[in-house]
Amino acid sequence: MEIVVPCRSYVVRFLVLTGAGVSAESGIPTFRGKEGYWRNFDPAKLATPEAFERDPKLVWEWYRERRQRIRNAQPNAAHDAIAKLARHSDEFLLVTQNVDDLHARAGVADEKMVQIHGNIFMTRCSRCDSSRNDYENDHDHEKGDFLPRCPICDALMRPGVVWFGEQLPWNELQRVENYLDRGACDLAIVSGTTATFGYIIDWALRASRGGGELIEVNPEETPLSEFATQRIRESAAVALPKIVDQVITS
Ligand code: OAD
């Protein structure tokens, strides 16, 4: 596999876009695969404001299980490769749709990463602005039937993730827009996502405008595939370390 990175100026800019497939090899189920189903529930129907309104206990149970699974998981070779690329780049942004913390644990610094669908370990009020990070605190409120309530306004607390039909977080969105506005990228890598959301395709195309390389790493075809300059039909943990090593030595 020969990766060609067109270096059009002194500064080398990268954009990496990831989705659930990048964490699949760490044992975190993807959304749209069969293994994504939880007790016969389709995640796409649980990750909605309507589902939370109807049955907050069920939705919390699902997220508590996912939190626990993520706590017990380890970053895989794909997360490590992306962190390595971040360390070796002049300009780098990772935009992940993943709400897990595996990119962070692999070593991608906060300022080089945008979690565009939120962070599963945040718990925030469904009414006011209060929020807290529950990464360490998985004891009381995550047990049994207990539903966390806001200490300020007493409304139900909810996971700090973006649900279907909700707006993307404005600050994070601005960080992506600002990065892309500052210039095109020499290389954009999109891995482990079905790219079902238009903004993922849009960001990949904007990053690679003007001749930048656009590499898709996904065992399956996606709506982005037709735009990619290189399509690598391998798993992320197999392909990304090879790509990153070639980019760094090129
Ligand atoms: P999906 O579950 O839709 O897609 C996972 C993608 O990863 C598929 O295209 C698989 O072919 C690919 N894949 C699976 N295993 C892989 C591997 N080992 N290496 C590389 N690719 C692999 O996940 P996303 O596209 O991330 O949003 O889903 C996007 C969003 O939809 C999620 O963030 C979530 C979901 O509903 C919200 O909750 C708002």
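Everything below is about the structure shown above.
Reference entry: report on the structure contained in this document. (Residues numbered from 1 in each chain as written. Predicted model: local features only at pLDDT ≥ 70, side-chain atom pairs only at ≥ 80, totals over all residues. Heavy atoms only, no water.)

### Here's the deal with the site of the ligand
Of all residues adjacent to the ligand, which total 21 residues, the nearest are Phe31, Arg32, His117, Phe164 and Thr193. In this structure, Ala20 approaches the ligand through a main-chain N or O atom, which is 2.8 Å from an oxygen atom. For the ligand, a nitrogen atom lies 2.8 Å from a polar atom in the backbone of Ala236. Taking 790 Å² as the accessible area of the ligand by itself, protein coverage stands at 91%. Taken together, the residues of the shell around the ligand break down into 8 nonpolar, 10 polar and 3 charged. (Near = heavy atom within 4 Å. Polar contact = N/O pair within 3.5 Å; in protein donor to acceptor, adjacent residues only side chain to side chain. Areas by Shrake-Rupley, 256 points an atom, 1.4 Å probe, with all protein chains shown as cover. Nonpolar A, V, L, I, M, F, W, Y, C, P; charged D, E, K, R; others polar.)

### Some words on the pattern of salt bridges
Close approach of charged atoms lets side chains of opposite charge pair. Taken as a whole and judged by the stated rule, the model has 13 salt bridges. Between Arg206 and Asp181 there is a salt bridge, with the nearest N and O atoms lying 3.2 Å from each other. Of this pair, Arg206 sits in helix H8 (residues 198–207) while Asp181 sits in helix H7 (residues 170–181); the two residues are 25 residues apart in sequence, bridging distant segments of the chain. A salt bridge links Lys242 to Glu234; the nearest nitrogen and oxygen atoms lie 3.1 Å apart. Bridged by salt links that share partners, the residues Glu177, Asp181, Asp202 and Arg206 form one connected network. (Salt bridge = Lys/Arg side-chain N within 4 Å of Asp/Glu carboxyl O. Helix = DSSP H or I, 4+ residues; strand = E, 2+ residues; numbered from the N terminus.)

### Some remarks on the packing of helix H5 (residues 77–87) against helix H9 (residues 236–249)
Packing of H5 against H9 leaves a shortest axis separation of 7 Å and a crossing angle of 20°. Judged by the inter-axis angle, H5 sits roughly parallel to H9. Every pair of crossing elements has a handedness; the one defined by H5 and H9 is left-handed. Of the residues in H9, those touching H5 at Ala77, Ala78, Ala81, Ile82, Lys84 and Leu85 are Ala236, Ala237, Leu240, Pro241, Val244, Asp245, Val247 and Ile248. (Axes fitted to C-alpha atoms, helices over the stretch in contact; angles between N-to-C directions. Parallel < 35°, antiparallel > 145°, perpendicular 65-115°, else oblique. Left-handed = near helix turned anticlockwise from the far one by under 90°. Contact = heavy atoms within 4.5 Å.)

### Quick look at the sheet that holds strand E7 (residues 187–191)
If you trace the 6 strands from one edge of the open sheet to the other, you get E3-E2-E1-E7-E8-E9, paired in parallel fashion. Whereas interior strands pair on both sides, the edge strands pair on one side only; in this sheet they are strand E3 (113–115) and strand E9 (230–232). When strand polarity is set aside, the average angle formed by the axes of neighbouring strands in this sheet is 15°. Here 6 bridges tie strand E1 (residues 13–18) to strand E2 (residues 91–96), and the two strands are oriented parallel to one another. (Pairing = 2+ DSSP bridges.)

### Focus: H9
With 14 residues, H9 should reach 20 Å at 1.5 Å per residue; the first-to-last C-alpha distance of 20 Å fits that figure. For H9, the set of buried residues is Ala236, Ala237, Ala239, Leu240, Ile243, Val244 and Val247. The buried residues of H9 occupy an angular sector of 160° when the element is viewed end-on, so they sit on one face. Structurally, H9 contributes buried residues whose contacts are with E1, helix H1 (21–24), H5, E7, strand E8 (213–217) and E9. (Expected span 1.5 Å × (residues − 1). Buried < 20%, exposed > 50% of the residue type's maximum accessible area, 1.4 Å probe, protein only. Arc of directions from axis to C-beta.)

### Digging into the environment of Cys150
Summarising the element assignment, Cys150 is placed in the loop between strand E5 (131–133) and strand E6 (157–161). Taking the relative accessible area as the measure of exposure, Cys150 reaches 4% and is therefore buried. Sequence-wise, Cys150 and Lys57 are 93 residues apart; in three dimensions their C-alpha atoms are separated by 16 Å. Apart from the residues lying within four places of it in its own chain, the contact partners of Cys150 are Cys125, Cys128, Ser130, Ala155 and Met157.

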